[in-house]
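Here is what each chain is made of, one letter per residue.
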Amino acid sequence: MTTPKPTREAAPRSRRPRLACLLAALGLLFALAGCGGPGHRDSVTIMVPWTQPEEFQAFYRLVKDFEDSTGFPVDVQVTRALTQQLDASVQAGAPPDLAVLPSAAAVIRYAEAKTTHGGRLRPLDGAVDVGDFQQPFRGLAQVDGVTYAVPVKVDVKSLVWYDPRGSDAPADDASWRSVTRQTGLTWCLGLESGPTSGWPGADWIADLLLADAGADTYAKWVSGELPWTSAPVRKAWSDWHDDVGREVLKGAGGRDFAAASKGMTKGSPKCRLAHGARSALAPGLRKDSRFTFAAPEADQPIEVSGDFVGMFGADNPGARAFVSYLAGAKAQQAWVDAAGTAAFSAHRNVTRYANPVQQRIARMLRPGEHTLCFSAADAMSPDVAAAFYRTVLDYAGRDKDPDTVLADLQKVQDELGGTGVPRQSICADPT
């Protein structure tokens, strides 16, 4: 069988009539008839955001293995606009059996949702045990001690990528701070990412605040206890503007976040450095072993991210079997193996990584290396995170004084802050 390839807003087709009945209209709502919704015992529906072929192919290998070993068919609904799509399906009373949750805060929001039509996450106790996952990912999968999600894929965001060749390149042992502040090389930066445009800048600003102010201050800011107008937050925004430079920021809003790093593979003088997780880089750059990265020193906190899968269907044994399968070390290792250098696991028993770059990143997620702090916007309430992204685009495009935009963000925080991740769960030492 030839493994299907996804398109951006349409799901691939497999050997059975599966893989997503999606409506094209607005790219948001999927067909409610004939798609095996919650309670349909002959199939499992799962909504995922992995529209890029490399990401989807890795996931689909797990789907095929699960189907072959259990007999449960899986319908995969693929959408780049996962937040909008999932919210629309929940509001329509027809959520998928399983879904990749759009943020860590979404675990709490959907677990605590007051709804009468199946829009709540279902507890996974009895189906999965997250005890083998490292903190903070284990805690982020739980609400009040009850497990509602499985961390299926994690990554490190506090990285600066560069080509070590050339007389002006950073040294092999360069520190994160020296690369960001002292090299004078030009940054590859794109902020365009569909409905979530602006997130690469939000990650970078959060990373700067974490590096300079530390984990405690970072967690207070992310949880809403530290105002957006405070000195540490303002400094992070100003530093981001100064480090990246006005000329790079001016056109960043119209450049795709992954495509922006392509120039590094050609040795372009216009683009020599890139910030962020390995999975956010251009595919050619991810596969080129010549490129290396600078990271915070071992005793410094780092920003991490993760994808979680939660269950909405309460009476589908296939869904419970699939989420249990995804939580196991075998599936976690298989995902890492299939995804090449673009995926990592928080599972303690996943220890095999293919190459030195991947191994070096994986070590950063293990005990004794760093305090791990979850990605800021993904731990904030959805309204605040969306405002954060929009403000990054506005700030980059107009070269505004940060005081004005931060005052506006504080108003959003005061009015719509809602429920984000509790401060005590945002940062943790891996255990």
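This section reports on the structure supplied with the text. Quantities reported herein were computed from a predicted structural model and do not represent experimental measurements. (Residues numbered from 1 in each chain as written. Predicted model: local features only at pLDDT ≥ 70, side-chain atom pairs only at ≥ 80, totals over all residues. Heavy atoms only, no water.)

Okay, the overall build of the protein next. Summing up its helical and strand segments, the protein has 17 helices and 13 strands in all. The 431 residues of the protein split such that 56% are buried. For the protein, the computed accessible surface area is about 17,100 Å², with 49% contributed by carbon and sulfur atoms. (Helix = DSSP H or I, 4+ residues; strand = E, 2+ residues; numbered from the N terminus. Buried < 20%, exposed > 50% of the residue type's maximum accessible area, 1.4 Å probe, protein only. Areas by Shrake-Rupley, 256 points an atom, 1.4 Å probe, with all protein chains shown as cover.)

So, about the packing of helix 15 (residues 382-398) against helix 16 (residues 402-416). Axis separation between helix 15 and helix 16 bottoms out at 10 Å; the angle between their running directions is 165°. Taken together, the axis directions place helix 15 and helix 16 in an arrangement best described as roughly antiparallel. Crossing geometry of helix 15 relative to helix 16 is assigned as right-handed. Where helix 15 approaches helix 16, its residues D383, V384, A387, F388, T391, D394 and Y395 are matched on the opposing element by P402, V405, L409, V412, Q413 and L416. Class assignment for the residues of the contact of helix 15 with helix 16 results in nine nonpolar, two polar and two charged. (Axes fitted to C-alpha atoms, helices over the stretch in contact; angles between N-to-C directions. Parallel < 35°, antiparallel > 145°, perpendicular 65-115°, else oblique. Left-handed = near helix turned anticlockwise from the far one by under 90°. Contact = heavy atoms within 4.5 Å. Nonpolar A, V, L, I, M, F, W, Y, C, P; charged D, E, K, R; others polar.)

Turning next to the sheet that holds strand 9 (residues 273-275). Taking strand neighbours across the sheet as the criterion, the four strands line up as 8-9-7-10 in an open arrangement whose pairing is mixed. If you trace the sheet from one side to the other, it starts and ends with strand 8 (187-188) and strand 10 (292-294), each paired once. Across three bridges, the pairing between strand 7 (residues 160-162) and strand 10 is antiparallel. Bridge pairing links Y162 to T292 in strand 10. (Pairing = 2+ DSSP bridges.)

Before going further, it helps to examine the packing of helix 8 (residues 231-244) against helix 16. In the contact formed by helix 8 and helix 16, the axes pass within 10 Å of each other and the chain directions differ by 130°. In terms of orientation, helix 8 lies oblique with respect to helix 16. When the axes of helix 8 and helix 16 are compared, the crossing they make is right-handed. On helix 16, the residues touching V233, R234, W237 and S238 of helix 8 are P402, D403, V405, L406 and L409. Its residues placed into classes, the contact of helix 8 with helix 16 shows six nonpolar, one polar and two charged.

Another aspect to go through is the state of the cysteines. Put plainly, a disulfide is one covalent bond tying together the sulfur atoms of two cysteines. All told, the structure shown has one disulfide when counted by the stated rule. Covalently, C373 is tied to C427 through a disulfide, its sulfur atoms 2.1 Å apart. The disulfide joining C373 to C427 has a torsion of about 115° about its S-S bond and is therefore right-handed. Of this pair, C373 sits in strand 12 (residues 372-374) while C427 sits in strand 13 (residues 427-428), placing them 54 residues apart in sequence. Each of the two residues, C373 as well as C427, counts as buried. (Disulfide = S-S within 2.5 Å.)

This brings us to helix 11 (residues 317-327). Structurally, the α-helix is built with 3.6 residues per turn, so residues lying three or four positions apart point the same way. All buried positions along helix 11 are accounted for by G318, A319, F322, V323, Y325, L326 and A327. Looking at where helix 11 begins, the residue whose side-chain oxygen comes 2.9 Å from the main-chain nitrogen of G318 is N316. (Polar contact = N/O pair within 3.5 Å; in protein donor to acceptor, adjacent residues only side chain to side chain.)

Okay, the packing of aromatic side chains next. Applying the stated rule across the entire model yields 23 aromatic pairs. The interplanar angle of 50° and the centroid separation of 6.4 Å between the aromatic rings of F59 and F322 together place this pair among those described as tilted. Here F59 is found in helix 1 (residues 53-70), whereas its partner F322 is found in helix 11, with 263 residues between them in sequence. Given a relative accessible area of 1%, F59 falls into the buried group. On the numbers, 6.3 Å between centres and 15° between planes, the contact of F66 with F72 is stacked. Taking relative accessible area as the criterion, F72 reaches 22% and is therefore assigned partly exposed. Through a chain of ring-to-ring contacts, the aromatic side chains of W50, F59, F66, F72, F322, Y325 and W335 assemble into a single cluster. The ring of F293 has R360 lying over it, and the distance from NZ or CZ to the ring centre is 3.7 Å. (Phe/Tyr/Trp six-rings, centres within 6.5 Å; stacked < 30°, edge-to-face > 60°. Lys NZ or Arg CZ within 6 Å of the ring centre and 35° of its normal.)

All right, on to the pairing of strand 6 (residues 149-156) then. In terms of residue burial, strand 6 counts as a mostly covered element, since eight of its eight residues are buried. Pairing between strand 6 and strand 11 (residues 302-311): seven bridges, direction antiparallel. Pairing of V154 across the sheet is with G306, part of strand 11.

We now examine the side chain of D203. Following the sequence through the fold, D203 ends up in helix 6 (residues 199-213). A distance of 3.4 Å separates polar atoms of two side chains, one belonging to D203 and the other to S375.

Here the focus is the environment of C373. Judged by relative accessible area, which is 0%, C373 ranks as buried. Placed 236 residues apart in sequence, C373 and F137 show a C-alpha to C-alpha distance of 9.7 Å.

A word on helix 6. Taking 1.5 Å of rise per residue, the 15 residues of helix 6 would be expected to cover 21 Å, and the 21 Å separating its terminal C-alpha atoms lies within 8% of that figure. Of all 15 residues that make up helix 6, 12 are buried, and the element is covered over most of its length. For helix 6, every residue scored as buried is listed here: W199, P200, G201, A202, D203, W204, I205, A206, D207, L208, L209 and L210. (Expected span 1.5 Å × (residues − 1).)

Glancing now at the pattern of salt bridges. Within the structure shown, the criterion is met by 14 salt bridges. Across the pair K153 and D307 runs a salt bridge whose closest N-O atoms are separated by 3.4 Å. With a gap of 154 residues between them, K153 in strand 6 and D307 in strand 11 connect regions that are remote in the sequence. Across the pair, exposure class does not vary: K153 and D307 are buried alike. (Salt bridge = Lys/Arg side-chain N within 4 Å of Asp/Glu carboxyl O.)

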